[in-house]
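Next come the chains, spelled out residue by residue.
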Amino acid sequence: MTADQTFEQGPTAAQGQANDEPLGLSKALLLPRVAIEQVAPVLDGGAFATKGLVGREVTVDAKVFTDGHDQLAVIVRWRQAGSQAWHSVAMAELGNDSWQARFTPDSASRYLFCIEAWKDEFASYCYELEKKYGAGVPIELELEEGRLLLEHAARRSSDTLRSELQHVHDRLGPLERDDKVALLLHPDTQALMAQADHRPFLSKSPEYPLDVERERAEFASWYELFPRSITDDKQRHGTFNDVHSRLPMIRDMGFDVLYFPPIHPIGRAHRKGPNNSLTAGPNDVGSPYAIGAEEGGHEAIHPQLGSREDFRRLVQAAAEHGLEIALDFAIQCSQDHPWLKQHPGWFSWRPDGSIRYAENPPKKYQDIVNVDFYAADAVPSLWLELRDVVWGWVQEGVKIFRVDNPHTKPLPFWQWLIEDIRHQDPEVMFLAEAFTKPAMMARLGKVGYSQSYTYFTWRNTKAELAEYYTQLNEPPLALCYRPNFFVNTPDINPYFLHDSGRPGFLIRAALATMGSGLWGMYSGFELCEAAPVPGKEEYLNSEKYEIRPREFTQPGNIIAEIAQLNRIRRQNPALQTHLGCAFFNCWNDNILYFAKRTPDRSNFVLIAVSLDPHNAQEAHFELPLWELGLGDDAATHGEDLMTGHRWTWYGKTQWMRIEPWHLPFGIWRIEAAAL
């Protein structure tokens, strides 16, 4: 073995004696001498990609060390998947064997990064030379060692580097001792020697994946509507062309994603009537989630919505308003779906020849049946068909898909489909509608989902909200899970909103918009619609089963407040992600008080939300002056981002009063006062 041996820091090397046999000398000689540990950001040992954004710095940390006192050189290398062109940057030593570096991916793609470390022979030499020279001990032998290091480096180099090293070597000879030391320690000499370094005892970490997506994967405001309800007459089915009239208002409220529930033909067999009744009349429109009829399936458009050309025009018009269309990808089928006749082997049939309808106890969906992903006839034809459905809509200009109940479909299917689609077009994103157990929700993020619905809808108390926001800011969720805080959905009419009135809607809007870079609302929230099915978290006269015209400018709406919240988000980078959240002291359990700030603290926003929609709340609270590098008695400038009012705070402890009949929250940008 030579000092130039390269060591891969893979599992085998790390485990050493993972089997029953004792470690032999030949194996010991192959173990790395330079240790690379605790690499971050890494998810499940590199089994899954961590999430990144185009243009956002990736901070890489590791523990790197070796025996003895030799100096180390440590670098991060990264490349785009499929490319052989590596980039690298030196890691900085932070102390206590901790190293850190940053790099910035510049395109939406899968990336790979790794760490390389080796004993830096010349840096070690310079470290000892400088210490001995400063201590006044004899260094003649050390100067000769330096000359030999230069000579050897020149020999193993070529072209310009060899000439430059030889020039330094030749200059060294006639110099006096002090000048020799100065030349050997000169930064230019060290830079040349670093280029010529033969990297003794080079160790390499595994290559870790990083999934880099466009900004909208982490910062977006979603607005959901049923196109069929964009009408002024409940008896007239709305169309894609009618939706054009809504685009300016949705844009002006600050939304950038316009999401439609399924737009496909709706089955007639077992069609649901109003309020999820089992019997539908001849004019009842049914649930759009009962996909498929004689007009087609998942690739087709419901005829009453318009033509494919109408849809294309709407996609283009939305883009001109700064809106991106998102579609629902719901894999379930009505009992009229063409697949049941064309591909009966894709479904599970009961002994009497019937097919089991979908259930999510206590809810029953008699109008829906599910495919069997692992039926003998379904592999691979069903998987390929579903992939082609998604790709077909991508070719129509749709780059965002909200996926219905992905946790009830196989994880390997999603891992394959998402990677396949994003390999063809890395701009495509998927939102998981998965209200299920935490491990499954995280796993969906790991297999490729860009973002996910969350538990936010059911977090109401100060303790619940603080705990949940904190969890989302910590590994492993911070590495794999982007939360989309929907305040309501067609299926979820939160209990909190049933009797909280206009202040309650403003409270939830503030919590969502300030808590995450991703939030969404279902049409009607801006009008404070809350009439429930008695005793249930469901909407009375649900739009899932009937056309619901609305007067979007009716009194009592919160359109202006929503527009301002979205404007504040666009103007403050700290609010464009769920990360960077921290909670501070506020002595009232009815007020949630937290900050969102950028890593460099250049944008620092304080948020105080009263969780009581009925009564005024007061509290003393602390300004986090220490985070700004200020003393407890420092002065800070504050600005109310909802009203534009400005003031100066003096000291750490302050007082607030929140009156829900005005605004049940405060959003303040803070900065140190000029000296």
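So, how was this worked out
Residues numbered from 1 in each chain as written. Predicted model: local features only at pLDDT ≥ 70, side-chain atom pairs only at ≥ 80, totals over all residues. Heavy atoms only, no water. UniProt positions renumbered as here; feature names shortened; annotations may be inferred. 1 Å grid on protein atoms, 1.4 Å probe; cavity = no way out; pocket = protein on both sides within 12 Å on 5 of 7 lines; lining within 4 Å. Helix = DSSP H or I, 4+ residues; strand = E, 2+ residues; numbered from the N terminus. Buried < 20%, exposed > 50% of the residue type's maximum accessible area, 1.4 Å probe, protein only. Contact = heavy atoms within 4.5 Å. Salt bridge = Lys/Arg side-chain N within 4 Å of Asp/Glu carboxyl O. Points joined across faces, edges and corners; volume = space filled by probe spheres on them. Expected span 1.5 Å × (residues − 1). Phe/Tyr/Trp six-rings, centres within 6.5 Å; stacked < 30°, edge-to-face > 60°. Lys NZ or Arg CZ within 6 Å of the ring centre and 35° of its normal.

A. Region of the structure containing the UniProt feature "active site" (unreviewed entry) in the protein. UniProt annotation of "active site" (unreviewed entry) refers to Asp404 and Glu433 when read in the numbering used here. The largest pairwise C-alpha distance within this set of annotated residues, which runs over 30 residues, is 5.4 Å, so the set is compact in three dimensions. Lining the largest pocket, out of the annotated residues just given, are Asp404 and Glu433. You can see Asp404 is positioned in strand E17 (residues 400-404). Note on Asp404: relative accessible area 7%, which makes it buried. Apart from the residues lying within four places of it in its own chain, the contact partners of Asp404 are Tyr289, Asp328, Phe329, Ala330, Gln332, Lys409 and Glu433. Along the polypeptide, Glu433 turns up in strand E18 (residues 429-433).

B. View of the pattern of salt bridges. Applying the stated rule across the entire model yields 50 salt bridges. Residue Arg550 is joined to Glu529 by a salt bridge in which the shortest nitrogen-to-oxygen separation is 2.8 Å. Of this pair, Arg550 sits in the loop between strand E21 (518-522) and helix H19 (559-571) while Glu529 sits in the loop between E21 and H19; the two residues are 21 residues apart in sequence, bridging distant segments of the chain. For the pair shown, Arg550 and Glu529 are each scored as buried. Salt bridges sharing common partners tie together Arg56, Asp211, Glu213, Glu218, Arg422 and Arg482.

C. Summary view of the layout of surface pockets. The computed volume of the largest pocket comes to approximately 1,400 Å³. Along the wall of the largest pocket there are 45 residues; nearest its centre are Glu359, Asn360, Lys363, Tyr365 and Asn405. Residue assignment for the lining of the largest pocket shows that the elements contributing at least two residues are strand E15 (357-360) and strand E16 (363-369). Top element by residues in the lining of the largest pocket is E16. It accounts for 5 residues. By volume, the second largest pocket amounts to about 1,200 Å³. Together, 37 residues line the second largest pocket, and Arg56, Glu57, Thr59, Leu579 and Pro599 are the ones closest to its centre.

D. Focus on H19. For H19, spanning 13 residues, the distance from its first C-alpha to its last is 19 Å, which sits close to the expected 18 Å at 1.5 Å a residue. Of all the residues in H19, the buried ones are Ile559, Glu561, Ile562, Ala563, Gln564, Leu565, Asn566, Ile568 and Arg569. Elements in contact with the buried residues of H19: strand E12 (220-224), helix H9 (247-252), helix H18 (501-515), E21 and strand E29 (665-672).

E. The UniProt feature "site: Transition state stabilizer" (unreviewed entry) in the protein, seen in detail. Here the UniProt-annotated "site: Transition state stabilizer" (unreviewed entry) positions come out as Asp491. Take Asp491: it is sitting in the loop between strand E20 (484-486) and helix H17 (495-498). Residues contacting Asp491, with those up to four places away along its chain left out, are Lys363, Glu537, Glu538 and Lys544.

F. Quick peek at the packing of aromatic side chains. Scanning the model with the defined rule gives 41 aromatic pairs in all. Note on Tyr374 and Trp383: the rings are 5.7 Å apart at their centroids and 80° apart in plane angle, and the pair reads as edge-to-face. Joined through ring pairs, the aromatic side chains of Phe329, Phe373, Tyr374, Trp383, Phe401, Phe413, Trp414, Trp416, Phe430 and Tyr449 make up one cluster. Directly above the ring of Trp118 sits Arg199, whose terminal nitrogen or CZ lies 4.1 Å from the centroid. Against the face of Phe552 rests Arg246, its NZ or CZ located 3.6 Å from the ring centre.

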